[in-house]
Amino acid sequence: MGPHDLTGTVTPMATLIDANWLDYLLVAIYFAFVLGIGVMARRSVSDSIDFFLSGRSLPAWVTGLAFISANLGAVEIMGMSANGAQLGLPTFHYFWVGAVPAMLFLGVVMMPFYYGSKVRSVPEFMYRRFGTGAHLVNAISFAVAQLLIAGVNLALLAGIVRALLGWPIWVSLIVAGAVVLSYITLGGLSAAIYNEVLQFFVIVASLLPLTLIGLNRVGGWDGLTDKINAASDDASSGSDAPSAEQQLNAWPGEALSGFDSPLLSVIGIVFGLGFVLSFGYWTTNFVEVQRAMASDSISAARKTPIIGAFPKMFVPFIVIVPGMISAVLVTEMIELKSGGSPEGGASGEGVAYNDALLLLMRDVLPNGLLGLAIAGLLAAFMAGMAANISAFNTVFSYDLWQRYIRKDHSDDYYLRIGRLATVGATVIAIFTAQIALGYDNVMNYLQTLFGFFNAPLFATFILGMFWKRMTPTAGWVGLVAGTLSAIAVDRAAAAGAFELSGQGVAFLAASVAFVVDIVLSVVVSLVTKPKPAAELRGLVYSETPREDRTDPHEAEMPWYRRTAPLAGIALAMVLVLNFAF
Amino acid sequence: MSHATDADGSDGQPKKAGLFDIRNIIGALLALYGVILTLAGLLGEHEPEKTGDVNANLWTGLALLAVGLGFFGWARLRPIVVPPDVEAPDDDPVRPGPQRKRPPAH
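Because the structure is predicted, anything quoted here is derived from the model rather than measured. (Residues numbered from 1 in each chain as written. Chains lettered and ligands numbered in written order. Predicted model: local features only at pLDDT ≥ 70, side-chain atom pairs only at ≥ 80, totals over all residues. Heavy atoms only, no water.)

1. Details of the overall build of chain B
When helices and strands are tallied, chain B shows three helices and two strands. Mapped from its N terminus to its C terminus, chain B presents α and β elements in the order β-α-α-α-β. Every one of the 106 residues in chain B was classed for burial, and the buried ones make up 42%. When the accessible surface of chain B is totalled, it reaches about 6,000 Å², and 63% of it is carbon and sulfur. (Helix = DSSP H or I, 4+ residues; strand = E, 2+ residues; numbered from the N terminus. Buried < 20%, exposed > 50% of the residue type's maximum accessible area, 1.4 Å probe, protein only. Areas by Shrake-Rupley, 256 points an atom, 1.4 Å probe, with all protein chains shown as cover.)

Here it is as structure tokens:
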């Protein structure tokens, strides 16, 4: 191995990361575990496996970890470290203003409706509450969103393949697509609970040492802040990096929201990111919500996201901090941040903020730990993309094909359609990955997508859940108008109609989508005919009796196992964290 | 979760999740990684210029070994009891594997 070529120039065909047999051994062990359990699950070798996969009475820590692990993929690891490298501490808002309050809200308020109505997908809930129009609109937008997000996961996966093997990016994309397809076909998703929990531990086991070694290299937290201050003083005028003061304080976070005024910035973060984007993402994303639906009672389902919130609040320390370290320790990242455009990077078209974590791994992890980190990243992106593809597959074959195109065929027929959809989705993802590769910071792209799809969905959900007068027509009109207005804001910004840096455009687009959706839904509801109240039980708050929404046994549990006190503790902890940074 | 009497519970005792208890699987993977990294730390190249003079493989290996053994211990002390009749899990629409090849249940 040649650790000394770190400082030298990287020739085009050289690999970004020098992995050796030890690293590949660790990666191979991981996949042997995952595929091995998958095979045993399908052959039903043990009741215990069935027990864990059916999840009917799983310990809450298992479902809680599976819940956050389902999300600890591309968004979290690469996106947040890229954001940390570019913007610094304001990125913490994604966790402490965004995810954690949204997860608590999901557990306390929304979960009883999901669990009680036994729906298995978002479009299905739309169908029950609003009927065909909203269902069709939502099924199509959900399917498109899954294909675009699968592209993000694939782009990141291909980035790792390229970093390891040095192949051109399009070859890496095709290879990565083939790997995911065989992972799905070999049954990589059939032991999902095991995979997700294993994945969580492997990722923590690799990112925690990465953070600690990185901090050791820069001289601890003080060394990191000193270096960020120094880098900011040295930056050339061509640099668009925010000032050191902005990078080192979470509030008011102008660099993240793109607003110059601190007050507007705080409003943008709390309403745009916190309320609309994060609540929209966490409460309507069934790839995650589904994990809670498998529990044995309403009480356990409600506690799943709440228990997940506890580890979730500490995840930023091992994804954002490494990004910040990378920006002051890795030669290429320093050059990029001070306004240069260094060669190399995972995409092959120059180093981008997305490369922050991979480059830090290259510079500080010895062979061995490097393999552990690669295993964790490959696992996360592969499982993430496989989940997108499967979600697409289900919505395409059952919600679209069966309901609107070919009714009343055999189960085998729809399974065949599903298999074709899986292959088709993987091929399409190779193309949507190209869009993702065009973004220097993949977080900007993801938040834009969430603004298009999740923000209007959240508006329609929340209004439909609490206002029984909301009509079926309002359901689909609101969704369409919300999505179109978010796209309009995004395109206007791209055309230069106004200027907001960071993720400000995404926050604004999401907020506009939310407001447009609510206003139009109310107006349309007032002039159209609502569903009879009798059909809304379990779907609308006022029409659902209290005993349908709560677990009668919960009152007998000790306080630390009840939903509300747990949520209260999590909220208090996250408030403390918000004030501390 | 009630009383831990025998190891396998095959003779009418409540049946424990045993080898496939998720904690044993986590423990096995982490402990295996722990052993490999500890050995790599002791025998392999140290690469102090990357880590800033810490034997990162060794320390991470020892920590993983400890956590892995902790999971084994937890699974032993508080075994999960599997109910006598476990239904085959439903197909999960957001993460379906290939169809399970099992004989139809009667």
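2. A few points about the overall build of chain A
Scanning chain A from terminus to terminus reveals 25 helices and zero strands. For chain A, buried positions account for 63% of its 581 residues. Restricting to contacts in chain A with at least 6 residues of sequence separation, those with at least 24 account for 79%. Counting every atom, chain A has about 20,700 Å² of accessible surface; 65% of that belongs to carbon and sulfur. (Contact = heavy atoms within 4.5 Å.)

3. Thoughts on the confidence of the model for chain B
Residues and elements named next belong to chain B. Counting all residues, the mean pLDDT for chain B is 73, and 63% of those residues have values of 70 or more. With pLDDT under 50 throughout, residues 1-11 is counted as low confidence; its partners more than four residues away or in other chains account for 18 contacts. Across residues 92-106, confidence stays below pLDDT 50; counting only partners more than four residues off in sequence or on other chains, it has 38 contacts. (pLDDT = per-residue confidence, 0-100.)

4. Looking at the packing of aromatic side chains
In total, this model carries 27 aromatic pairs over all chains according to the counting rule given. Ring plane angle 80° and centroid distance 5.1 Å describe the contact between A:Phe201 and B:Phe71, whose orientation is recorded as edge-to-face. Within this pair, whereas A:Phe201 is found in helix H9 (residues 192-218), its partner B:Phe71 is found in helix H3 (residues 56-77), the two belonging to separate chains. Owing to a relative accessible area of 16%, A:Phe201 belongs among the buried residues under this scheme. B:Phe71 gets classed as buried once you look at its relative accessible area, which sits at 9%. Here A:Tyr413 and A:Tyr414 contribute two aromatic rings whose centre-to-centre distance is 5.2 Å and whose plane-to-plane angle is 80°, an arrangement assigned as edge-to-face. We note that A:Tyr413, like A:Tyr414, is buried. (Phe/Tyr/Trp six-rings, centres within 6.5 Å; stacked < 30°, edge-to-face > 60°.)

5. Notes on the nonpolar core
One finds A:Tyr30, A:Tyr114, A:Met361 and B:Tyr33 to be the most contacted residues of the largest nonpolar core, which totals 214 residues. If one sorts the elements of this core by residue count, helix H19 (residues 369-405) of chain A sits on top with 21 residues. Beyond its immediate stretch of four places on either side in the chain, A:Tyr114 contacts A:Leu106, A:Val119, A:Phe125, A:Thr283, A:Thr284, A:Phe286, A:Val289, A:Met293, A:Phe461 and A:Met465. (Core = buried A, V, L, I, M, F, W, Y, C linked by side-chain atoms within 4.5 Å.)

6. A short note on the environment of A:Tyr94
All names here are of chain A. Residue placement: Tyr94 occurs in helix H5 (residues 93-117). The class of Tyr94 is buried, set by a relative accessible area of 6%. In the structure, Tyr94 is positioned 184 residues away from Ser278 in sequence and 7.8 Å away in space, judged by C-alpha atoms. Apart from the residues within four sequence positions on either side, Tyr94 is in contact with Met80, Asn83, Ala99, Leu256, Leu273, Met443, Gln447, Gln503 and Phe507.

7. Notes on the pattern of salt bridges
Scanning the model with the defined rule gives six salt bridges over all chains in all. The salt bridge involving A:Asp490 is made with A:Arg491; its shortest N-O contact spans 2.9 Å. Note on A:Asp490: relative accessible area 10%, which makes it buried. Across the pair B:Asp21 and B:Arg23 runs a salt bridge whose closest N-O atoms are separated by 2.8 Å. (Salt bridge = Lys/Arg side-chain N within 4 Å of Asp/Glu carboxyl O.)

8. A word on the packing of helix H3 (residues 60-69) of chain A against helix H15 (residues 298-312) of chain A
Residue and element names in this part refer to chain A. Where H3 contacts H15, the axes come no closer than 8 Å and their chain directions differ by 65°. Looking at the two axes, H3 sits roughly perpendicular to H15. Remark: the crossing between H3 and H15 carries right-handed chirality. Of the residues in H15, those in contact with Ala60, Trp61, Thr63, Gly64, Leu65, Phe67 and Ile68 of H3 are Thr304, Pro305, Ile307, Gly308, Pro311 and Lys312. Looking at the contact of H3 with H15 residue by residue, the classes come out as eight nonpolar, four polar and one charged. (Axes fitted to C-alpha atoms, helices over the stretch in contact; angles between N-to-C directions. Parallel < 35°, antiparallel > 145°, perpendicular 65-115°, else oblique. Left-handed = near helix turned anticlockwise from the far one by under 90°. Nonpolar A, V, L, I, M, F, W, Y, C, P; charged D, E, K, R; others polar.)

9. Examining H9(A)
Residue and element names in this part refer to chain A. Its 27 residues place the ends of H9 38 Å apart at the C-alpha level, agreeing with the 39 Å of an ideal helix rising 1.5 Å per residue. With 22 of its 27 residues buried, H9 lies for the most part within the structure. Phi turns positive one or two residues past the end of H9, at Gly219, with a value near 90°. (Expected span 1.5 Å × (residues − 1).)

10. Brief notes about a nonpolar patch on the surface
Residue and element names in this part refer to chain A. Taken together, the side chains of Leu263, Leu264, Ile267, Phe271, Val515, Val519 and Val523 make up a nonpolar region of the molecular surface, amounting to roughly 620 Å² of accessible area. Every element with two or more residues in the nonpolar patch is listed here: helix H13 (262-284) and helix H23 (504-527). If one sorts the elements of the nonpolar patch by residue count, H13 sits on top with four residues. Mapped onto the secondary structure, Val515 falls in helix H23. Classification of Val515 as partly exposed rests on a relative accessible area of 42%. (Patch = residues over 30% accessible without salt bridge, like charges linked within 9 Å, V, L, I, M, F, W, Y side chains within 5 Å.)

11. Comments concerning the environment of A:Ile228
Residue and element names in this part refer to chain A. By the element assignment, Ile228 lies in helix H10 (residues 220-234). Counting along the chain gives 99 residues from Ile228 to Ala327, while the straight-line C-alpha distance between them is 8.3 Å. Here Ile228 is in contact with Ala244, Gln247, Leu248, Met324 and Val328, once residues within four sequence places are set aside.

12. A closer look at the side chain of A:Asp517
Residues and elements named next belong to chain A. Mapped onto the fold, Asp517 is located in helix H23. Among buried charged residues, Asp517 stands out as having no salt bridge; its nearest opposite-charge side chain is Arg129, 11 Å away. Contact partners of Asp517, with chain neighbours within four places excluded, come to Pro456, Ala459, Thr460, Gly478, Leu479 and Gly482. (Lys, Arg positive; Asp, Glu negative; His and termini not counted.)

13. As for the packing of helix H1 (residues 21-43) of chain A against H9(A)
Residue and element names in this part refer to chain A. Two elements in contact, H1 and H9, have axes separated by 10 Å at closest approach and are oriented at 165°. The orientation of H1 with respect to H9, classified from their angle, is roughly antiparallel. The element H1 and its partner H9 pack so that their crossing is right-handed. Here H1 contributes Tyr30, Phe33, Val34 and Ile37 to the contact with H9, which in turn contributes Tyr194, Asn195, Leu198, Gln199 and Val202. Here the residues of the contact of H1 with H9 are counted per class, giving seven nonpolar, two polar and no charged.

14. Overview of the confidence of the model for chain A
Residue and element names in this part refer to chain A. Overall, the predicted model of chain A reaches an average pLDDT of 83, with 93% of residues at or above 70. Between the elements of chain A, mean pLDDT differs from a low of 71, seen in helix H2 (residues 47-54), to a high of 93, seen in helix H22 (residues 472-494). Low pLDDT, under 50, characterises residues 1-13; the stretch is placed with twelve contacts to residues that sit more than four places away or in other chains.

15. Considering the environment of A:Arg406
All names here are of chain A. Examined against the element boundaries, Arg406 turns out to sit in the loop between H19 and helix H20 (411-437). On the basis of relative accessible area, Arg406 is assigned to the partly exposed category, the value being 43%. Ignoring anything within four residues of it in the chain, the contact list for Arg406 reads Trp401, Tyr413 and Tyr414.

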